[in-house]
Amino acid sequence: MATEPRNAAAGPPAVLHLPGDGVISVQGTFSPPGPSHFATFTMENFGISNTRSLHEDTDFVYLSVTVGANPPVFAQKSMGDVNNGTHAVNLSIEVDIPDDDTPIVFSYLVMNNGHGGNDAKAKAAQAALSTIAKEIIAHKAVTATSILVGSILVPFFGTAVAAMGAVMGLVEAGLILFADCDGWVAGGTLPYKCSDLVGKTISNNTHHPGTDSPTGCGSNSSYSTFCTIKTAPLIDTVLDLRGEWIGSPGPFISRVGNSLSIDMSALKRPTATGTVLGRSEISVTFPDDKTYTGVLQAPNLIKWSNNTTWTKVGAIQTVIDLNGQWMSGGVLGPAITVHGDSISVDMSALKRPTATGTVLSSSEISVHFPDDQTYTASLHQPGTIAWSNNTSWTKFNNSVIKHLFVLVMENRSFDHLLGFQGITGRDTQTGATTKAEDLTGLQAFNDFGNLRYAVSPTAGDKIFNNHDVQHQFPDVLAQLCGEAEAQAVAANHGLRGAPYPQVQAAAKTGFAADYGTHSDAGNPGEPMRCFAPGALPVLTALAKEFVLCDHWFSSIPGPTEPNRMFVHAATSGVFDDSPSNTDYAEIFGSKSAGDTDDGVSFEHGNIFDALRRAKVPFRIYAGDGFPQVGLLKGISLYDDVDDYANFAADIMEPAYDAAYTFIEPRYDTISQQLGLPFVNNSQHPANSVALGEALIKNVYETIRNSPRWNQSMLIITWDEHGGFFDHVTPPRAAPIPTGSPPKNIEGKDNGFMFDQYGVRVPAVVISPWCPQNMIERRQHEHSYIPATIEQLFGLSPLTNRDAGVIGLHKLATLPAPRNVTLSLPNPVAASEPSGPVPGTPITPSKVGSSIGAGVGAVSAATSITHGPAPLPPTAPGGRSAPLNLNDPWLRSALAVAIKAHVEAAPADAANIKARGFGLKTVADLEQYYKDMTPIVSNARAAARQRKVAARKQPVSQVVTTHTPETPVVTAQAFEKQV
């Protein structure tokens, strides 16, 4: 045995070139700890009776074992021409297993191949067995009797050959399953927990009555299979044998159980095999030499019986776990296995040859793709490989969440809604009993003038006197940093790229001062009002039943529009305040013929762009025809947006395939401006909070009662605080780089560098996979929504805000969905306060103290019985009054209305935009609204008919094009795939 050092001149590593690659997923949920036992899965024999294939043919046996999130292990054997009788198979797979509840799935298939080729069918068998195992492991369904793979029910422990054949047809389109008379003749699936196998031998003897075959083949052949599963403890050696060794150039040792395989190819020698004899001794047979024993000396030495030695090469520890399955182009495909610093990439799911590579450093790899070239890649936590050709992969997440729903409400802070609810629960990270960080037991206040205004549980269903609480960028700066700081910034004409000022402690913030100065001088304490215990029965019930996030902050200290952009894009681009009417005219008026390309765009697009590129289905449901999401470039108000009124019926349909569903409340902003009957259930002041509670209840109950419930997660949050007090100081944020070379984005209106989060808002994460009554204390912001979508469905991060964070789907930690018996109460409308918030004189003894929380009487609650009354025109002077384009809600609603009008009548785009952005008076708006409403309504109705018809079409008729490098992911197939 030679002892010269290994030649280090390996070929350059590589990265992948896949046109149209998307990215991202998440680390496997079930990666087991270090193994302590190994399991051997063997098909001992099979028997045949009533054979009909007496001509010369071949039977093939396929075995598969999947342990947790590890890649599946396969073995196959040709049995030759066999007919009636019992035939020894003796095909085995050994896998290491831990002593815990990690799921493990054993599967087998037998095929009577006739005279057909085996390669395609072997791939189909592997794909089917792998798909079934992934579904079982993803759902932790080892104690069930069957698993639903798409619409195919696969039974456990008994014969499953027919179901497996159907799954093969699913994963291998166009496969002819039974063209060789018998085809697939036996198959079964045996799922367990690893801990159930320790110290046991399990036998499985199953009869397989045969499958239907083409006419003329005769009666079905019957097979009976005899399989065993045996476990044995690993011998604990004094050193880890697995990995690369120096002593010749580079032998590489693999160990499964107590068996060893040594790759000697670097020496141009055949593979050696051996056995672990004891803690410090091994025996290995080298086919071109003889058998040697080796003595193991910790930490890294093998002393062979021929007086040579091998020394272990220390493996480089990477920042992410490379082993496992990855998403490429939105498609689950590549599977990486790391041996020491060597990488093998199974590309068979993408119909490409296996790639090989090397770990270069803790954050860089190189891989050679035989059908392409060599690429390098950088590794990013929690699970992204960013290749040198600007594509990326993400770690596939075996998540039980297949349908993510998001509802974003309007303009309420955490303290305002939940500060006095006294919610307790268990910490999501420690399991310890904890309390939400609220106002109970605290005394919080704001000073303005010579009076002190304390927080109190006296909020009514609407704002007292219907004055809105201001929340534009300058207002929020005053609320967080104090009036003096806000005045200084205003005098400087904005921040001009300077850091955001220091946020004050709660007692020194300027919520009361800003409201008293800019909204209602007679009632500065209005932002300090909070809802009394019992006044929000729907929200509090959901928060107590599922997961309450008590450190979720708005993404910027500013208004609705930029914060909602973060929900969709993990950035608001250059917008650090509400876009002006001029902004909208420029954004939507740049084309003479408008289409969905009109709208706000971002350097890396938005989450809907990413989903569309990866062919992952999504839906948007909106409460009215002019939702805020329509401001985005690429969003069609007709093709992409459905009326929320259709949501309950749609989600019950088998064709409901949306991986991501975004829900927007009803605003009716234009109707409200015109004094027409309207419904606003967004909870935006001064509208009814109880109407918003009714929407939340309806969304939850619709999902809860749907077939999607056991695969769902619903996130409910608020876009920003709406000017209401919250006592938790929001943290600093990371600026957002853009361009090449990168430069941090500076806000266009205020010179804000996006280096500060906004005020805390409520957020509740709802899923049957979430434990009951949990409180999530870790910090979140709106960018965690696109991050969760990316990690669930294989997409790339959009900005630094959604990169490297832990998605909210990780809160779904139960081993099985729990039976949620919660019955939500009806919403109530809190009684309106009888007068302004009383202030108490500031005395010297009170200055700088935190006492004096003048808690008023708890407001009564009455059942909600009707919607809000119509409002008169907002501007004095009736219909001839100037249009109030200082109202950011009117500006944004009007921009979306113009976009909808243009999309319905593109030939008249130039005139529509000129008219819409040129409106001057309330009468102008009234006439425009009257003229465009039937056009938009008809277009919406026609679009709905098209979508309903398309959703009823078979998958093959819906999909049109794809590239060989990026297999298409259809709407229905996506859920089955993941």
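Predicted model only: the values in this text are computed from it and were never measured. (Residues numbered from 1 in each chain as written. Predicted model: local features only at pLDDT ≥ 70, side-chain atom pairs only at ≥ 80, totals over all residues. Heavy atoms only, no water.)

### Let's talk about the overall build of the chain
Next, step 1: Each helix and strand in the chain was counted, giving 20 helices and 44 strands.
Next, step 2: Every one of the 978 residues in the chain was classed for burial, and the buried ones make up 57%.
Next, step 3: Contacts in the chain between residues far apart in sequence, at least 24 positions, make up 73% of those at least 6 positions apart.
Next, step 4: About 36000 Å² of surface is accessible on the chain, with carbon and sulfur atoms providing 53% of the total. (Helix = DSSP H or I, 4+ residues; strand = E, 2+ residues; numbered from the N terminus. Buried < 20%, exposed > 50% of the residue type's maximum accessible area, 1.4 Å probe, protein only. Contact = heavy atoms within 4.5 Å. Areas by Shrake-Rupley, 256 points an atom, 1.4 Å probe, with all protein chains shown as cover.)

### Some remarks on the pattern of salt bridges
Next, step 1: Scanning the entire structure with this criterion turns up 35 salt bridges.
Next, step 2: The shortest N-O distance in the salt bridge between Lys748 and Asp583 comes to 3.1 Å. Taken together, the residues Lys748 in the loop between strand E38 (743-744) and strand E39 (760-766) and Asp583 in helix H10 (residues 581-588) connect sequence positions 165 residues apart.
Next, step 3: Taken together, the shared-partner salt bridges in this structure form one network comprising Arg619, Asp642, Asp650, Asp657, Arg944, Lys947 and Arg951. (Salt bridge = Lys/Arg side-chain N within 4 Å of Asp/Glu carboxyl O.)

### Brief notes about the nonpolar core
Next, step 1: Membership of the largest hydrophobic core comes to 124 residues, with the highest contact counts inside it found for Leu542, Phe608 and Tyr660.
Next, step 2: By residue number, the principal contributor to this core is helix H16 (residues 888-904), which donates nine residues.
Next, step 3: In contact with Tyr660, not counting residues within four places along its chain, are Leu404, Val406, Ile607, Phe608, Leu611, Pro617, Phe618, Arg619, Ile785, Ile789 and Phe793. (Core = buried A, V, L, I, M, F, W, Y, C linked by side-chain atoms within 4.5 Å.)

### Some thoughts on helix H18 (residues 922-951)
Next, step 1: Spanning 30 residues, H18 covers 41 Å between terminal C-alpha atoms, matching the ideal 44 Å at 1.5 Å per step.
Next, step 2: Along H18, the sharpest kink reaches roughly 35°, centred on Met932 and followed within four residues by the proline Pro934.
Next, step 3: Within the span of H18, buried status applies to Val922, Leu925, Tyr928, Tyr929, Met932, Val936, Ala939, Arg940, Ala943, Arg944 and Lys947.
Next, step 4: Buried positions along H18 lie against strand E34 (641-643), helix H12 (647-651), helix H13 (669-673), H16 and helix H17 (909-916). (Expected span 1.5 Å × (residues − 1). Bend = angle between axes of the 7 residues up to and from the residue.)

### Considering unusual backbone geometry
Phi is mostly negative for residues that are not glycine, and the peptide bonds are mostly trans.
Next, step 1: With an omega dihedral of 5°, the bond running from Ala298 to Pro299 counts as a cis peptide bond.
Next, step 2: Tracing the sequence through the fold places Pro299 in the loop between strand E16 (291-297) and strand E17 (301-304).
Next, step 3: Cis geometry is found at the peptide bond from Ser740 to Pro741, where omega equals 0°.
Next, step 4: With respect to the secondary-structure elements, Pro741 resides in the loop between strand E37 (737-738) and E38.
Next, step 5: The phi angle at Asn90 is positive, at roughly 55°, despite the residue not being glycine.
Next, step 6: Considering the arrangement of structural elements, one finds Asn90 in strand E4 (residues 85-97).
Next, step 7: Take Asn90: its relative accessible area is 51%, and that puts it in the exposed class.
Next, step 8: For Phe754, which is not a glycine, the phi torsion comes out positive at approximately 55°.
Next, step 9: The residue Phe754 is located in the loop between E38 and E39 in this model.

### Thoughts on the sheet that holds strand E43 (residues 840-841)
Next, step 1: One open sheet holds the three strands; their spatial order is E30-E31-E43, and the pairing between them is antiparallel. Because the sheet does not close on itself, it has two edges, and the strands there are strand E30 (445-448) and E43.
Next, step 2: Direction of pairing for E30 relative to strand E31 (residues 451-454): antiparallel, over a ladder of four bridges. Directly across from Asp447, in E31, lies its bridge partner Arg452.
Next, step 3: Contacting E30 and E31, helix H7 (residues 511-518) crosses the sheet at an angle of about 45° to E30. (Pairing = 2+ DSSP bridges. Axes fitted to C-alpha atoms, helices over the stretch in contact; angles between N-to-C directions.)

### Details of the packing of helix H8 (residues 537-545) against helix H14 (residues 689-704)
Next, step 1: In the contact formed by H8 and H14, the axes pass within 8 Å of each other and the chain directions differ by 40°. Judged on the interaxial angle alone, H14 and H8 are oblique. Across the interface between the two elements, Pro537, Val538, Leu539 and Leu542 of H8 pack against Glu693, Ile696, Lys697 and Tyr700 of H14.
Next, step 2: Its residues assigned to classes, the contact of H8 with H14 shows six nonpolar, no polar and two charged. (Parallel < 35°, antiparallel > 145°, perpendicular 65-115°, else oblique. Nonpolar A, V, L, I, M, F, W, Y, C, P; charged D, E, K, R; others polar.)

### Re the packing of aromatic side chains
Centre distance and the angle of the planes are the two values used to describe a pair of aromatic rings.
Next, step 1: Inspection of the entire model under this criterion finds 31 aromatic pairs.
Next, step 2: Taking 5.7 Å as the distance between ring centres and 75° as the angle between the ring planes, the aromatic pair formed by Tyr500 and Phe752 counts as edge-to-face. Linking Tyr500 in the loop between helix H6 (483-491) and H7 with Phe752 in the loop between E38 and E39, this pair joins segments that are 252 residues apart in sequence. Comparing Tyr500 with Phe752 shows no difference in burial state: the two are buried.
Next, step 3: Taken together, Phe405, Tyr621, Tyr644, Phe647 and Tyr656 form an aromatic cluster joined through their ring pairs.
Next, step 4: Between Arg452 and the ring centre of Phe445, over which it is positioned, the NZ or CZ distance is 3.9 Å. (Phe/Tyr/Trp six-rings, centres within 6.5 Å; stacked < 30°, edge-to-face > 60°. Lys NZ or Arg CZ within 6 Å of the ring centre and 35° of its normal.)

### Here's the deal with the sheet that holds strand E9 (residues 201-208)
Next, step 1: Taken in spatial order, the four strands of this open sheet run E4-E1-E10-E9, and their pairing is antiparallel. Where the open sheet ends on each side, the last strands, each with one partner, are E4 and E9. Ignoring strand direction, the axes of neighbouring strands in this sheet form an average angle of 15°.
Next, step 2: Bridge count for strand E1 (residues 37-49) against strand E10 (residues 222-233) is 12 bridges, and the pairing is antiparallel. Within E10, the residue paired with Thr40 across the bridge is Lys230.

### Things to note about H8
Next, step 1: Extensive coverage of H8 is indicated by the burial of eight of its nine residues.
Next, step 2: Taken together, the buried positions of H8 are Pro537, Val538, Leu539, Thr540, Ala541, Leu542, Ala543 and Glu545.

### Some remarks on the environment of Arg818
Next, step 1: Counting through the fold element by element, Arg818 comes out in the loop between helix H15 (784-793) and strand E42 (828-830).
Next, step 2: Residue class for Arg818 comes out buried when judged on its relative accessible area of 18%.
Next, step 3: With 47 residues separating them along the chain, Arg818 and Pro771 place their C-alpha atoms 8.0 Å apart.
Next, step 4: The residues touching Arg818, leaving out its near neighbours within four places in the chain, are Glu545, Phe546, Pro768, Cys770, Pro771 and Gln772.
Next, step 5: Among the polar contacts made by the side chain of Arg818, one reaches the main-chain carbonyl oxygen of Glu545 at a distance of 2.7 Å. (Polar contact = N/O pair within 3.5 Å; in protein donor to acceptor, adjacent residues only side chain to side chain.)

### Concerning the packing of H10 against H16
Next, step 1: Remark: H10 packs on H16, axes separated minimally by 10 Å, with the N-to-C direction vectors making an angle of 20°. Between H10 and H16, the angle is such that the two are roughly parallel. Crossing geometry of H10 relative to H16 is assigned as right-handed. Residues Asn581, Tyr584 and Phe588 of H10 pack against Arg891, Ser892, Ala895 and Lys899 of H16.
Next, step 2: Classifying every residue of the contact of H10 with H16 gives three nonpolar, two polar and two charged. (Left-handed = near helix turned anticlockwise from the far one by under 90°.)

### Observations concerning the pairing of strand E12 (residues 252-256)
Next, step 1: Where strand E11 (residues 243-246) lies against E12, two bridges are found, and the strand directions are antiparallel. Across the sheet, the residue bridging to Gly243 is Ile253, located in E12.

### Observations concerning the confidence of the model for the chain
Next, step 1: On average, residues of the chain score 83 in pLDDT, and 85% of them are at 70 or above.
Next, step 2: Ranking the elements of the chain by mean pLDDT puts helix H20 (residues 971-977) last with 34 and E39 first with 98.
Next, step 3: Note that pLDDT drops below 50 for residues 1-33; the model gives that stretch 161 contacts with residues more than four away or on any other chain.
Next, step 4: A low-confidence stretch, residues 845-876 stays under pLDDT 50, and its non-local contacts, those more than four residues away or across chains, total 80 contacts. (pLDDT = per-residue confidence, 0-100.)

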